[in-house]
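Letter by letter, the chains look like this.
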Amino acid sequence: MSWLFGIGKKSQDDIPSIQLPHPPSGGGGDAAGAGTASSGGGGGGFFGGKQMDAYHFDSAALERAAKAARELEQSRYAKEALDLTKQQEASKQLELQKQIKEYEAHMEQLKVEQTRVHQEERRKTLAEETKHQNQRAQYQDQLARKRYDEQLAQQARMQEENLRKQEESVRKQEAERLATMEREAALRHKNEVSRLEAKYRAKAKADRENQDLIRENIKLQASEKRKMVLESITTVGGVLGSGFDAFISNWDKVTATALGITLVGAGLYSSKYGLGLAAKFIESRFGKPSLVRETSRFTAVGALKHPIQTIKNMQLKPEDTLKGIVLKPELEEKLRDVAIATRNTKRNKRFYQNLLVYGPPGTGKTMFVKSLARHCGMDYAIMTGGDVVPLGETAVTAIHKVFDWAQTSRKGVLLFVDEADAFLRDHHKELISENLRHALNAFLYRTGEQSKKFMLVLASNQAEQFNSAINDRLDMMIKFDHPGLEERERMVRQYFEAYVLKPALEKDFVLFIFSLKVEQFDYGAKCKQIAAVTEGFSGREISKMALAWQVQASISEDGTLTEKRVDVIVYEALQQHKVKMEWHQKRAELHKSRSEVDPLPSSLPTH
């Protein structure tokens, strides 16, 4: 019965020598299993079960097994039982091999999982390293930016310090220059006075010594002149008398004279109408319309009245648009852009843009428009809205003449309408006459389209009163405001130099003496002080105040402008400005109260 006990050994030898979980317990056949189970060891005894003792041998169980084996051999089903047992053993081996393959697949899956986990950890490590590198780069960039900002700040501080030192040096040089100019002026004045005194004293002395000779010479010249006049009268009378007698006695000469006078009269009569037609043509080409108050365009009447100024205007070259005009930096930049655009428009022969300049009076609107025209190489023409109202029925004709005259210019005309709100106001809000309405319609008709011949510039202190159609014709709007502290200081310095310092260095061409003298004081500090107290002043008010300094020096006894007189003029200008502001406030309050009590109706009659 050796095959019964060889089953377990065969199955154990077929198992590979690797670490596996315990295979399922099994013995021989059913009989063997039953025999071993009764002895308490079972099939597990062959595999080293926990209840088997290595030093104990159960003979009864062995006998029973032998008995069962003999009974199985004697049975007719022994061969079938053996085959069945072999099949069971093969099935168990296949199952064990399947478990081995599953275990190997599980191990491969574990290896793949470990590889994936390792790659994931590596990716996370790379991401963290990249993140740390980015943070390190950002931190270094922030440090570099901070260092750069600190360098810029330090450079700015150094530049400000250098600028302050330069300004201080310029102020010192300016003070030294003014002091030198004053000393030179005083010395020249003293020398001129001494020279003139010596000259006139010598002349007076010579006149006193030669008084008798001079008197005799005057008497002799008067006698000779009287004698010569009497002889001339006698000679002319004799010639005219003899000629008239000869003319009367000759009838042919009388007839020829009468015929000549007739022809001369006819010629004068025909020339009168011919000259009238020629005058109309010349007026349309070389004259100026009645509405135009001032123009830089060549006109025959202007050339006859002011020939020198006309020649100067013809020789003027384009210059800086804001030369001599002091404005805020942002406004200056905007006006320079307008000047460049206008000049390029003229150069390229394109359509001009219409412009509105508005703001308080005396802020430089007219000065800018004239300078803009000169800078762009155009002719300027200035008219005021207040001149249109008194024309009545002829206002429409006058407006058409202005635009027809502008169309004939070869340079292009910058038509500047000052106080334009006087006749371009909204007729829906205010009552206007029929003639003024027709004038407004004529103006709207001539400005309905862009022009290559003229550029329209309107100026107003109350731009909100314009007609809506006028607002539709405007391409740009620029506001001129009162100057700030820095601008006022520049204006005071500019006008002080123009009206006080320069005249103090000029001589009188008749007496050869200096007509104005200035007391020695700190001009720069005084200009800065004046600019600080003149808040709200316009450029015109500052200009008039500087002109008052010149007048004050002229009417003084010694012709000297002192610091005290300058302060007096500034104080008077401040008081006058205060009164003007009070008047303006009262008018505004009165207008507001009237509009609240009796508001203007929405629809008004046109008559």
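Since the structure is predicted, the reported quantities are computational estimates derived from the model, not experimental observations.

Enquirer: Looking at this model, I keep getting lost on the overall build of the protein. Mind explaining?
Expert: Counting its secondary structure elements, the protein contains 17 helices and eight strands. Each of the 607 residues in the protein was classed as buried or not, and the buried ones make up 26%. In the protein, the share of contacts with a sequence separation of at least 24, taken over all contacts with a separation of at least 6, comes to 80%.

Enquirer: Even after reading the chapter, I still don't get the packing of helix α14 (residues 485-505) against helix α15 (residues 523-533), so can you show me in this structure?
Expert: How two helices sit against one another is set out by the angle between their axes and by the gap between those axes. Across the interface, α14 lies against α15 with an axial gap of 8 Å and an inter-helix angle of 130°. With respect to their mutual orientation, α14 and α15 come out oblique. Helix-helix and strand crossings are classified by hand; for α14 and α15 the assignment is right-handed. Note on element contacts: α15 touches α14 through Tyr-523, Gly-524, Cys-527, Lys-528, Ile-530, Ala-531 and Ala-532, opposite Leu-485, Arg-488, Glu-489, Val-492, Arg-493, Phe-496 and Leu-501. Residues belonging to the contact of α14 with α15 are distributed by class as follows: nine nonpolar, one polar and four charged.

Enquirer: It is not clear to me how the packing of helix α9 (residues 329-347) against helix α10 (residues 365-376) should be interpreted in this structure. Could you clarify?
Expert: The geometry of α9 relative to α10 is characterised by a closest axis approach of 9 Å and an angle of 40° between their N-to-C directions. When the interaxial angle is binned, α9 and α10 end up oblique. Between α9 and α10 lies a crossing of right-handed hand. Contacts from Leu-335, Ala-339, Thr-342, Arg-343 and Lys-346 in α9 reach Phe-368, Leu-372, His-375 and Cys-376 in α10. Residues belonging to the contact of α9 with α10 are distributed by class as follows: five nonpolar, two polar and two charged.

Enquirer: Before we go on, may I ask you to explain the pattern of salt bridges in this structure?
Expert: Where side chains of opposite charge bring their charged atoms close, a pairing between them can arise. Tallied over the full model, the rule gives 16 salt bridges. Across the salt bridge formed by Lys-370 and Glu-294, the nearest N and O atoms sit 3.0 Å from each other. Here the residue Lys-370 occupies a position in helix α10, and Glu-294 occupies one in strand β1 (residues 294-295), the gap between them amounting to 76 residues. We classify Glu-294 as partly exposed; its relative accessible area is 32%. Across the pair Lys-526 and Asp-567 runs a salt bridge, and its minimum N-O distance is 2.8 Å. Of this pair, Lys-526 sits in helix α15 while Asp-567 sits in helix α17 (residues 563-597), and the two are 41 residues apart along the sequence. The structure contains a network of salt bridges with shared partners spanning Lys-526, Glu-563 and Asp-567.

Enquirer: Please explain the pairing of strand β3 (residues 379-384) as it appears in this structure.
Expert: Here is the key point about a regular strand: its side chains alternate between the two faces of the sheet. Here β3 lies mainly inside the structure; six of its six residues are buried. Here β3 shows no split at all, with Asp-379, Ala-381 and Met-383 on one side and Tyr-380, Ile-382 and Thr-384 on the other all buried. By the bridge criterion, two bridges tie β1 to β3 in an arrangement that is antiparallel. Residue Glu-294 lies in a different strand from β3, and its bridge partner there is Ile-382. Across six bridges, β3 lies against strand β4 (residues 413-418) in parallel orientation. For Asp-379, the partnering residue across the bridge sits in β4 and is Val-413. What joins β3 to β4 is helix α11 (residues 395-407), and the crossover it makes is right-handed.

Enquirer: I tried to follow the packing of aromatic side chains on my own but got confused; where do I start?
Expert: The description of an aromatic ring pair rests on the distance of the ring centres and on the angle between the ring planes. Applying the stated rule across the entire model yields eight aromatic pairs. Ring centres 6.1 Å apart and planes at 45° place the aromatic pair Phe-368 and Phe-480 in the tilted group. Taken as a pair, Phe-368 in helix α10 and Phe-480 in the loop between β6 (476-479) and α14 lie far apart in primary sequence, 112 residues in all. For the pair formed by Phe-368 and Phe-480, the shared burial category is buried. Aromatic side chains Phe-423 and Phe-443 sit 5.6 Å apart centroid to centroid with 85° between the ring planes, which places their arrangement in the edge-to-face category. Within this pair, whereas Phe-423 is found in the loop between β4 and α12 (434-446), its partner Phe-443 is found in helix α12, the two being separated by 20 residues in sequence. Like Phe-423, the residue Phe-443 is buried in the burial classification. Three or more aromatic residues joined by ring pairs form one cluster here, namely Phe-403, Phe-423, Phe-443 and Phe-454.

Enquirer: Looking at this model, I keep getting lost on helix α16 (residues 539-555). Mind explaining?
Expert: Because each turn of an α-helix spans 3.6 residues, side chains separated by three or four positions end up pointing in the same direction. In a regular helix each residue adds 1.5 Å, so 17 residues correspond to 24 Å; α16 covers 25 Å between its end C-alpha atoms and thus fits that length. For α16, the set of buried residues is Gly-539, Glu-541, Ile-542, Ser-543, Met-545, Ala-546, Trp-549 and Ala-553.

Enquirer: Could you clarify how one ought to interpret the sheet that holds β3 in this entry?
Expert: Pairing between the strands of a sheet comes from backbone hydrogen bonds, and it takes one of two forms, parallel or antiparallel. The six strands are arranged β1-β3-β4-β5-β2-β6 in an open sheet whose pairing can be described as mixed. Here the strands that pair on one side only, and so sit at the sheet edges, are β1 and β6. With four bridges connecting them, strand β2 (residues 355-358) and strand β5 (residues 454-460) associate as parallel partners. Across the sheet, the residue bridging to Val-357 is Ala-459, located in β5.

Enquirer: Whenever I open this one, the nonpolar core confuses me. Can you help?
Expert: It is characteristic of soluble globular proteins that their nonpolar side chains tend to be buried jointly. If you look at the biggest cluster of nonpolar residues, it comprises 33 residues, and the most contacted ones within it are Leu-424 and Leu-458. Elements represented by at least two residues in this core include exactly β3, α11, β4, α12 and β5. Considering every element that reaches this core, the biggest residue donor is α11, with seven residues. If we skip the residues at most four places from it in the chain, Leu-424 touches Leu-440, Phe-443, Leu-458, Gln-465, Phe-466, Asn-467 and Ile-470. Met-491, Tyr-495, Val-566 and Ile-569 belong to the second-largest nonpolar core, a separate cluster that totals 27 residues.

Enquirer: Explain a nonpolar patch on the surface to me, please; I cannot follow it from the model alone.
Expert: A contiguous nonpolar surface patch, about 240 Å² in accessible area, is contributed by Tyr-103, Met-107 and Leu-110. Looking at where Tyr-103 falls in the secondary structure, it is placed in helix α4 (residues 78-209).

Enquirer: Is there a simple way to think about α14 in this case?
Expert: Spanning 21 residues, α14 covers 29 Å between terminal C-alpha atoms, matching the ideal 30 Å at 1.5 Å per step. At Glu-497, α14 is deflected by roughly 40°, the largest bend along its length. When α14 is considered as a whole, its buried residues turn out to be Glu-487, Arg-488, Glu-489, Met-491, Val-492, Tyr-495, Phe-496, Val-500, Leu-501, Pro-503 and Ala-504.

Enquirer: Teacher, can you tell me more about the side chain of Glu-487 here?
Expert: Note on placement: Glu-487 falls in helix α14. Here Glu-487 sits buried without a salt bridge, and the closest side chain of opposite charge, Arg-490, lies 4.7 Å off (N-O distance). Side-chain polar atoms of Glu-487 contact the backbone nitrogen of Gly-484, separated by 3.1 Å. Apart from the residues lying within four places of it in its own chain, the contact partners of Glu-487 are Val-326, Leu-327, Lys-328 and Pro-329.

Thresholds, definitions, all that
- Residues numbered from 1 in each chain as written.
- Predicted model: local features only at pLDDT ≥ 70, side-chain atom pairs only at ≥ 80, totals over all residues.
- Heavy atoms only, no water.
- Helix = DSSP H or I, 4+ residues; strand = E, 2+ residues; numbered from the N terminus.
- Buried < 20%, exposed > 50% of the residue type's maximum accessible area, 1.4 Å probe, protein only.
- Contact = heavy atoms within 4.5 Å.
- Axes fitted to C-alpha atoms, helices over the stretch in contact; angles between N-to-C directions.
- Parallel < 35°, antiparallel > 145°, perpendicular 65-115°, else oblique.
- Left-handed = near helix turned anticlockwise from the far one by under 90°.
- Nonpolar A, V, L, I, M, F, W, Y, C, P; charged D, E, K, R; others polar.
- Salt bridge = Lys/Arg side-chain N within 4 Å of Asp/Glu carboxyl O.
- Pairing = 2+ DSSP bridges.
- Right-handed = clockwise from strand over helix to strand, strands pointing away.
- Phe/Tyr/Trp six-rings, centres within 6.5 Å; stacked < 30°, edge-to-face > 60°.
- Expected span 1.5 Å × (residues − 1).
- Core = buried A, V, L, I, M, F, W, Y, C linked by side-chain atoms within 4.5 Å.
- Patch = residues over 30% accessible without salt bridge, like charges linked within 9 Å, V, L, I, M, F, W, Y side chains within 5 Å.
- Areas by Shrake-Rupley, 256 points an atom, 1.4 Å probe, with all protein chains shown as cover.
- Bend = angle between axes of the 7 residues up to and from the residue.
- Lys, Arg positive; Asp, Glu negative; His and termini not counted.
- Polar contact = N/O pair within 3.5 Å; in protein donor to acceptor, adjacent residues only side chain to side chain.

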